[in-house]
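An overview of the molecular structure
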Amino acid sequence: MSDVATAPRNFTGVERAAVLMMLVDEEEAAAMLQKLDPEEVRELGAAMLNVADVSEEEMANVLDDFTGKARDRTGISFDPRPKVEAVMTRALGDEKAGSILARITPPDAACGLEILSWLDAPEIAAMIEKEHPQIAAVVIANLDPAVGGKVLEQLPEGSQPDILHRIAKLGPVNPDAIDTLKTLLANRRGSGGAGLTLGGTREAAKILQGARKATEQRVMPKLFKIDKDLAKAIEEAMFVFDNLLDMDDKNLGTLIRNVDGDVLSRALKGVDEAARERFLGCMSARAADGIRDEMEARGPMKLAEVLDAQKVMIAIARNLAKDGTIMMGGGDDDYV
């Protein structure tokens, strides 16, 4: 068995490229990354992290006539993260690099919270129920949104708006908070350095979407009292114009009858033909022809004007849903 364990690995093509990338300097590596598409960058970046423990013999097999050069650069056996981060940042900029690194960084770099993926929502909720709301926010933000929504709705109702507010306001998480989480999860000691960036309005919106409709209806009014602007941003992130198409014909028709024709014609300029016909199909033939004529007469429109009209329609739909005139989406087990 020892012979098998020590046998050189057969690297894939991506892993061979990764070994080369780890051997060249950052400027050269960045220049090569700039030639790749996003998916190739993600694959290569992940492979660069995975070949950090490459042996000299494996280098020789991969590089063939570059064996001598590989032997001179044994620094690849150390933590590859600084170099991978530097190369990604130089090639793609801070924002894009951060997005890709967040996807390819191994669980150890994700502050040791990988144990959460082995727990169900009730267990996680019980674990964080008596913790500070900020700790609960960090834990939930680290979960899959669907699971996070289930955890949120099982926490005390009084704390839910505060926790969702904290999730939306999360950003860099300091090392002390990470240490607290590791202790809470009885996980191994961390390397004690880097923090995480979690949360945001989109993440909060996804988490709330993962909860039942009743949770949203209870939490959002309270969140508006805590932070009106943030609550509005979360609400907008939860529902976009395309979601109107999830309504059945009856509800969509009711919505259209409550929207001014001028607003409707501007809003429909920004959708594809199939979606446009879905809206117009919920109107009388005469009314639909009128909207088509108005759209054609308008000619080209600024995107901002179209988006403003779509926001007006979304706002009308939400108000109609709140007073029970229409049901948005496909419904769930909260409706009886």
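Residues numbered from 1 in each chain as written. Predicted model: local features only at pLDDT ≥ 70, side-chain atom pairs only at ≥ 80, totals over all residues. Heavy atoms only, no water.

1. Remarks on the packing of aromatic side chains
Inclusion rule: Pairing of aromatic rings covers Phe, Tyr and Trp, the last through its six-membered ring, and needs centres within 6.5 Å; plane angles under 30 degrees mean stacked, over 60 mean edge-to-face, and all others mean tilted. Secondary structure follows DSSP: runs of H or I at least 4 residues long count as helices, runs of E at least 2 residues long count as strands, and numbering of each begins at the N terminus. Throughout this description, buried means an accessible area under 20% of the type-specific maximum (1.4 Å probe, protein chains only), exposed means over 50%, and partly exposed covers the range between.
If you walk through the whole model with that rule in mind, you get one aromatic pair. Measuring from centroid to centroid gives 5.4 Å for Phe241 and Phe279, while their planes differ by 20°, and the two rings are stacked. With Phe241 in the loop between α16 (228-238) and α17 (249-257) and Phe279 in helix α19 (residues 273-280), this pair connects stretches of sequence that are 38 residues apart. Residue Phe241 shares its accessibility class with Phe279, and that shared class is buried.

2. Section: helix α7 (residues 81-92)
Rules: Multiplying one less than the number of residues by 1.5 Å gives the expected span of a helix.
Look at α7: 16 Å from first C-alpha to last across twelve residues, which is about the 16 Å you get at 1.5 Å a residue. Positive phi appears at Gly93, one or two residues downstream of α7, with a value of about 90°.

3. Re the side chain of Asn251
We apply this condition: What qualifies as a polar contact is a pair of N or O atoms within 3.5 Å, subject to a donor-acceptor requirement within protein and to the restriction that residues adjacent in sequence count only when both atoms come from side chains. Should any heavy atoms of two residues lie within 4.5 Å, those residues are considered in contact.
With respect to the secondary-structure elements, Asn251 resides in helix α17. With relative accessibility at 13%, the residue Asn251 sits in the buried group. Reaching out from Asn251, the side chain makes a polar contact with the side chain of Asp248 at a distance of 2.8 Å. If near-sequence neighbours (up to four positions away) are discounted, Asn251 is found in contact with Thr325, Ile326 and Met327.

4. Observations concerning the packing of α19 against helix α20 (residues 285-298)
To characterise two packed helices, one gives the angle between the axes of the helices and the distance between these axes. Formally: For helices, the fitted line uses only the C-alpha atoms of the stretch in contact; every axis is such a line through C-alpha atoms, and the angle between N-to-C directions lies from 0 to 180 degrees. Should an angle fall under 35 degrees it is called roughly parallel, over 145 degrees roughly antiparallel, and 65 to 115 degrees roughly perpendicular, with every other angle called oblique. The crossing is said to be left-handed when, going from far helix to near helix, the turn is anticlockwise and less than a right angle, and right-handed when the turn is clockwise. Residues were grouped as follows: Ala, Val, Leu, Ile, Met, Phe, Trp, Tyr, Cys and Pro as nonpolar; Asp, Glu, Lys and Arg as charged; and all remaining residues, including Gly, as polar.
Orientation of α19 relative to α20, taken along the N-to-C sense of each, is 140°, at an axis distance of 10 Å. Judged by the inter-axis angle, α19 sits oblique to α20. Here the hand of the crossing between α19 and α20 comes out right-handed. From α19, Arg276, Glu277 and Leu280 reach across to α20, where they touch Ala288, Ile291, Arg292 and Met295. Per-class residue counts for the contact of α19 with α20 are four nonpolar, no polar and three charged.

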